[in-house]
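# Report on the structure
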Amino acid sequence: GGGARAPMGALVASDALTSFGQMMGYMPVLALAARCAPRGLEATGYSALLFVADLATGVGSLLAAELTRSMGLGAGDGRSWSRLGAYVWTCAGLKLAPLALLPLVRG
């Protein structure tokens, strides 16, 4: 058969790196948020952190949908899966984009 196939290694690596990063990064962020919050408002800090995380997930979903549309991915008229590999690698690379914000973090 000769159809376009998703690069399985990229899918597995992206999922594994994301899961590992979330596990390793979540607890220290929560501890830091609790430390930075005024006494008695730790729950508010936690809620704000979850709000930002949920907002980022929503924005990421919108960006992925737009990327899917702009690359013409899918089945149907004028669409194909031929650029799926480029899509997967683009999404994996964009997961590193927040690292550009690190210089803005005050120590």
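Going by the structure above, here's the rest.
My aim in this report is to walk through the structure given alongside it, one point at a time.

A separate point is helix H3 (residues 84–94). Residues spaced three or four apart along an α-helix point in a common direction, a consequence of the helix completing one turn every 3.6 residues. For H3, the full list of buried residues reads Leu84, Tyr87 and Val88. Angular distribution of buried residues about the axis of H3 spans 95°; they occupy a single face of the element. For H3, the secondary structure elements touched by its buried residues are helix H1 (8–36) and helix H2 (42–70).

To continue, consider the packing of H1 against H2. In contact at an axis separation of 8 Å, H1 and H2 are set at 135° when each is read in the N-to-C sense. On the basis of their axis angle, the class for H1 and H2 is oblique. Judged by the twist between their axes, the crossing of H1 over H2 is right-handed. Where H1 abuts H2, its residues Tyr26, Val29, Leu30, Ala33 and Ala34 lie against Glu42, Tyr46, Leu49 and Leu50.

Their axes nearest at 11 Å, the elements H2 and H3 cross at an angle of 155°. Taken as axis vectors, H2 and H3 run roughly antiparallel relative to one another. Judged by the twist between their axes, the crossing of H2 over H3 is right-handed. Two secondary-structure elements touch here, H2 through Ala64, Leu67 and Thr68 and H3 through Tyr87, Thr90 and Cys91. In terms of residue class, the contact of H2 with H3 is built from four nonpolar, two polar and no charged.

This brings us to H2. With 29 residues, H2 should cover 42 Å at 1.5 Å per step; its first-to-last C-alpha distance of 42 Å lies within 8% of that length. Immediately downstream of H2, the backbone of Gly72 shows phi near 70°, a positive value.

As a further point, take the nonpolar core. Residues Ala10, Leu67, Met71, Leu73, Leu84, Tyr87 and Val88 constitute the largest nonpolar core, which totals seven residues. In terms of residue count, the dominant contributor to this core is H3 (three residues).

Another point: the environment of Ala31. Here Ala31 lies in helix H1. Considered as a pair, Ala31 and Val88 are 57 residues apart in the sequence and their alpha carbons are 33 Å apart.

Quick look at a nonpolar patch on the surface now. Side chains of Phe51, Val52, Leu55, Val59 and Leu63 sit close together on the surface and give an oily, nonpolar patch of about 500 Å² of accessible area. You can see Leu63 is positioned in helix H2. Its relative accessible area of 55% is what places Leu63 among the exposed residues.

The topology assignment puts Ser14 in helix H1. If we skip the residues at most four places from it in the chain, Ser14 touches Ala92 and Lys95.

Definitions and limits used
Residues numbered from 1 in each chain as written. Predicted model: local features only at pLDDT ≥ 70, side-chain atom pairs only at ≥ 80, totals over all residues. Heavy atoms only, no water. Buried < 20%, exposed > 50% of the residue type's maximum accessible area, 1.4 Å probe, protein only. Helix = DSSP H or I, 4+ residues; strand = E, 2+ residues; numbered from the N terminus. Arc of directions from axis to C-beta. Contact = heavy atoms within 4.5 Å. Axes fitted to C-alpha atoms, helices over the stretch in contact; angles between N-to-C directions. Parallel < 35°, antiparallel > 145°, perpendicular 65-115°, else oblique. Left-handed = near helix turned anticlockwise from the far one by under 90°. Nonpolar A, V, L, I, M, F, W, Y, C, P; charged D, E, K, R; others polar. Expected span 1.5 Å × (residues − 1). Core = buried A, V, L, I, M, F, W, Y, C linked by side-chain atoms within 4.5 Å. Patch = residues over 30% accessible without salt bridge, like charges linked within 9 Å, V, L, I, M, F, W, Y side chains within 5 Å. Areas by Shrake-Rupley, 256 points an atom, 1.4 Å probe, with all protein chains shown as cover. Salt bridge = Lys/Arg side-chain N within 4 Å of Asp/Glu carboxyl O.

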